[in-house]
Amino acid sequence: MKYTIITINYNNKDGLRQTIKSVIEQSFKGFEFIIIDGGSTDGSLDVLKEYNKKITYWISEPDNGVYNAMNKGIAKAHGDYINFMNSGDCFYDRNVLANITEQHLSEDLIVGRDYHYNAETKKGFATILPPRLSMLTFIHHTLPHQSSFFKRELFDHNLYDEKLQIVADLKFYINQICVKGCSVKLIDIIVCRREPDGISWTYNDKRMQEHSRVIQEILPSGAIKDYETLYMLDKETMYKLMHLIENGKSRKWLTYFIKFLNRLTK
């Protein structure tokens, strides 16, 4: 098993240094490390030169946005699986790659959990994963690319849509998982310790507009309304409900309970 770790960066030298350290300190060494810098002017190049011998390939030049930079990294990737650990995000601990490798997985997409940590409050939380992935996962949310490992072959004919500025990864996930049915393994391993506010939340209005546009391109309006109804529940409650429904015995008791409540409210 060989991994390709791709990091994109633009004028975030401190975050870049943190990310580089978390990658090169991994106990499992079966990886190549690619960094695509967008022509930074804040001293990021000095960081890249400092760690030059630890980086398989790096380049610093102007690009056309986040997904253009990610596609540049994909073009240089030779690993079995690709992970996008962008500047400022870090592997949760030094044994992440080793722990994943020990599971001998072969699915097209491996998805772990990420940990959101706020340095000011000294508090954090790990994301929850659904029992399975479907359009319910993507109707309002997406998966963390920092905690996902993609088989290299998934990108052979499907790169990120560079016309999108913020949610091209969402479109890629939907096409690969919900449309083409690629195999997926959800793992209870915290992969990434990430910054609390990335580009998608800094430009939240833009993110929501792009997200809505992608969903509308893929689903008919009637189906969107059905998913919207389910998403009246918060994400955690909905995922717990999905876990119950997936279990036959739990589903039976849940059905009885709903019927009982319905009688009480009549």
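Overview of the structure. These figures come from a predicted structure and were not determined experimentally.

Broken down by element type, the chain carries 11 helices and nine strands. With the principal axes as the frame, the chain shows a C-alpha extent of 70 × 40 × 40 Å. In the chain, which comprises 266 residues, the proportion classed as buried is 44%. Total accessible area on the chain stands at roughly 14,300 Å², and carbon and sulfur atoms take up 51% of it. Averaging the locations of the 35 positively and 33 negatively charged side chains of the chain gives two centres separated by 6 Å.

Bringing the pattern of salt bridges into the picture now. On inspection of all chains with the given rule, the structure shows nine salt bridges. In this structure, Glu50 and Arg17 form a salt bridge, with 3.0 Å as the shortest nitrogen-oxygen distance. In this pair, Glu50 is assigned in helix H2 (residues 44–50) and Arg17 in helix H1 (residues 13–24), connecting sequence segments 33 residues apart. Its relative accessible area of 48% is what places Glu50 among the partly exposed residues. Put simply, Lys72 and Glu61 hold a salt bridge, and the shortest N to O gap is 2.8 Å. Placement of Lys72 in helix H3 (residues 66–75) and of Glu61 in the loop between strand E3 (57–60) and H3 is noted, with a sequence separation of 11 residues between them. Exposure remark for Lys72: the relative accessible area of 22% places this residue in the partly exposed category. Residue Glu61 is classed as partly exposed on the basis of its relative accessible area, which comes to 30%.

This part takes up the nonpolar core. In terms of nonpolar packing, the biggest core is built from 37 residues, with Phe84, Phe150, Phe155, Tyr160 and Ile177 touching the most fellow members. With six residues, helix H6 (residues 168–179) is the single largest residue contributor to this core. In contact with Phe84, not counting residues within four places along its chain, are Ile6, Met70, Ile74, His145, Gln146, Phe150, Phe155 and Tyr160.

The next point concerns a nonpolar patch on the surface. Together, Phe257, Ile258, Phe260, Leu261 and Leu264 make up a nonpolar patch on the protein surface, roughly 500 Å² of accessible area in all. Looking at Leu261, the relative accessible area reads 38%, which means it is partly exposed.

Okay, the packing of aromatic side chains next. Aromatic rings in a pair are described by how distant their centres are and how their planes are angled relative to each other. Across all of its chains, the model carries 15 aromatic pairs by this definition. Their ring planes at 70 degrees and their centres at 5.7 Å tell us that Phe84 and Tyr160 sit as a pair that is edge-to-face. With Phe84 in strand E4 (residues 81–84) and Tyr160 in the loop between strand E8 (148–151) and H6, the pair connects residues that are 76 residues apart, well separated along the chain. Accessibility assignment for this pair places Phe84 and Tyr160 in one class, buried. Over the face of the ring belonging to Tyr117 we find Arg193, whose NZ or CZ atom lies 4.0 Å from the ring centre.

What follows concerns the pairing of strand E7 (residues 123–126). Examined bridge by bridge, strand E6 (residues 109–118) and E7 share four bridges and lie antiparallel to one another. Paired with Tyr115 across the two strands is Ala126, which belongs to E7. Connecting E6 to the antiparallel partner E7 that follows it, the hairpin turn spans four residues, and Lys122 within it adopts a positive phi of roughly 60 degrees.

With that out of the way, let us pick up the side chain of Thr101. Along the chain, the position of Thr101 falls in helix H4 (residues 96–101). When neighbours within four sequence positions are excluded, Thr101 is seen to be in contact with Met1, Tyr3 and Phe28.

Moving on, we get to the packing of H6 against helix H8 (residues 204–218). For the pair H6 and H8, interaxial distance at closest approach is 10 Å and the crossing angle is 25 degrees. The angle between H6 and H8 places the two elements in the roughly parallel class. Crossing of H6 over H8 shows right-handed handedness. Residues Leu170, Lys171, Ile174 and Asn175 of H6 touch H8, and the partners they reach there are His211, Val214, Ile215, Glu217 and Ile218. Its residues assigned to classes, the contact of H6 with H8 comprises five nonpolar, two polar and two charged.

Analysis parameters
Residues numbered from 1 in each chain as written. Predicted model: local features only at pLDDT ≥ 70, side-chain atom pairs only at ≥ 80, totals over all residues. Heavy atoms only, no water. Helix = DSSP H or I, 4+ residues; strand = E, 2+ residues; numbered from the N terminus. Buried < 20%, exposed > 50% of the residue type's maximum accessible area, 1.4 Å probe, protein only. Areas by Shrake-Rupley, 256 points an atom, 1.4 Å probe, with all protein chains shown as cover. Lys, Arg positive; Asp, Glu negative; His and termini not counted. Charge placed at Lys NZ, Arg CZ, Asp CG, Glu CD. Salt bridge = Lys/Arg side-chain N within 4 Å of Asp/Glu carboxyl O. Core = buried A, V, L, I, M, F, W, Y, C linked by side-chain atoms within 4.5 Å. Contact = heavy atoms within 4.5 Å. Patch = residues over 30% accessible without salt bridge, like charges linked within 9 Å, V, L, I, M, F, W, Y side chains within 5 Å. Phe/Tyr/Trp six-rings, centres within 6.5 Å; stacked < 30°, edge-to-face > 60°. Lys NZ or Arg CZ within 6 Å of the ring centre and 35° of its normal. Pairing = 2+ DSSP bridges. Axes fitted to C-alpha atoms, helices over the stretch in contact; angles between N-to-C directions. Parallel < 35°, antiparallel > 145°, perpendicular 65-115°, else oblique. Left-handed = near helix turned anticlockwise from the far one by under 90°. Nonpolar A, V, L, I, M, F, W, Y, C, P; charged D, E, K, R; others polar.

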